Amino acid sequence: MTWNIWWRFGPRWRERQPGILATIERFTPDVIALQEVWGGDGTTQADEFAHALGFHAVFASPSYPRSPDPAQAPDHAGVELGVALLSRWPIVEQETIPMPARHRSWDPVALRARVAHPAGPLPVVAACLEHATTFSDDRLAQATLLADLGTDPSADGPCPSLVMGDLNAAPDSAVLRPLRDVMIDAWTAGNGVPDAVTLPSTHPSAPLEAGPELVDQRIDHIFYRPGHEDQLVNVESAVVAGDAVDGIHPSDHRAVVCDFRWRHRGNPPIG
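Treat the numbers as computed from the prediction; the structure is a model and nothing was measured.

Engineer: Please set out the pairing of strand E8 (residues 120–128) residue by residue, giving values where relevant.
Structural biologist: Counting buried residues along E8, eight of its nine residues qualify, which places the element largely inside the surrounding structure. Pairing analysis gives seven bridges linking strand E7 (residues 109–117) to E8, with the strands arranged antiparallel. When the bridges of E8 are listed, valine 115 appears paired with leucine 122. What sits between the antiparallel neighbours E7 and E8 is a turn of two residues. With five bridges connecting them, E8 and strand E9 (residues 161–166) associate as parallel partners. Following the sheet pairing, cysteine 128 is matched in E9 by aspartate 166. In this view, the connection linking E8 to its parallel neighbour E9 by way of helix H3 (residues 136–150) has right-handed handedness.

Right, dumping it as structure tokens:
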């Protein structure tokens, strides 16, 4: 699963937390990339969810967008905004990698990690890309970095390599070409519906100012590549998640959930 969970933006952020957790519990993903995750007061949103789920969590910041400065509410002050990874299995390595950002005065980061999957190390990159379409040079450079991380030879092994996140670009955008050229869009591979939307204009707090390049598009993505040349990877399903829970939308984004199975040629599948 990958999901932008909207930090502490919008109304009633505390009341949204049970809906986020309920959605994760409903779809039972093993590995979850989260964006717009808050961190503060000695904990993070990812750690709180991990505790509730019995999962493991890592967090890295800063990420897009910057947390409001000055703070717009008392419970915004001093609170970080980052990306995170939740995993059913231990996270045995993590690295915070600065992304190119010529138009920002701060360094947004990607989170690279390895998960102790039963089949062996599972390499995962979680990120949120530049959202300002004016700065498409940064968006393209960041997508190129993610493609490099996802195809790094150190990611070769018994499990596929995953790049997941809010990439702030539609599937056919030129911004994502570096990823499309070297990795596979799990949504397409899993026969996800072609007109899926993960930033819907129907949300009560939809960021309509983001414009048609982002709004009513599928801008949250999972890309993968096999871990070695003889590995057969199947994406058995691809769906969106994140409907309102008890009348409250958990986030302004929808989540993307894909079910993977893979095997060495001639061996039974692993998932």
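Engineer: Please set out the side chain of aspartate 252 residue by residue, giving values where relevant.
Structural biologist: Take aspartate 252: it is sitting in the loop between strand E12 (231–241) and strand E13 (255–264). Salt bridges are absent for the buried aspartate 252, whose nearest opposite-charge side chain, arginine 16, sits at 6.8 Å. Within the structure, aspartate 252 has its side chain in polar contact with the side chain of serine 251 (distance 3.4 Å).

Engineer: Explain helix H2 (residues 45–53) to me, using residue names and the numbers behind them.
Structural biologist: Those residues of H2 not exposed but buried are Gln45, Ala46, Phe49 and Ala50. Down the axis of H2, the smallest arc covering the buried residues is 135 degrees, so these residues share one side. In this structure, the buried side of H2 is in contact with helix H1 (13–27), strand E2 (31–40), strand E3 (43–44), strand E4 (56–60) and strand E5 (80–87). Backbone geometry just after H2 places glycine 54 at a positive phi near 75 degrees.

Engineer: An account of H1 is needed here, citing residue identities and associated values.
Structural biologist: Helix length check: H1, at 15 residues, gives a terminal C-alpha distance of 22 Å against a target of 21 Å (1.5 Å per residue), a fit within 8%. Along its buried surface, H1 packs onto strand E1 (2–4), E2, H2, E5 and E12. Backbone geometry just downstream of H1 places threonine 28 in the positive-phi region, at approximately 45 degrees.

Cut-offs used in this document
Residues numbered from 1 in each chain as written. Predicted model: local features only at pLDDT ≥ 70, side-chain atom pairs only at ≥ 80, totals over all residues. Heavy atoms only, no water. Buried < 20%, exposed > 50% of the residue type's maximum accessible area, 1.4 Å probe, protein only. Helix = DSSP H or I, 4+ residues; strand = E, 2+ residues; numbered from the N terminus. Pairing = 2+ DSSP bridges. Right-handed = clockwise from strand over helix to strand, strands pointing away. Lys, Arg positive; Asp, Glu negative; His and termini not counted. Salt bridge = Lys/Arg side-chain N within 4 Å of Asp/Glu carboxyl O. Polar contact = N/O pair within 3.5 Å; in protein donor to acceptor, adjacent residues only side chain to side chain. Arc of directions from axis to C-beta. Contact = heavy atoms within 4.5 Å. Expected span 1.5 Å × (residues − 1).

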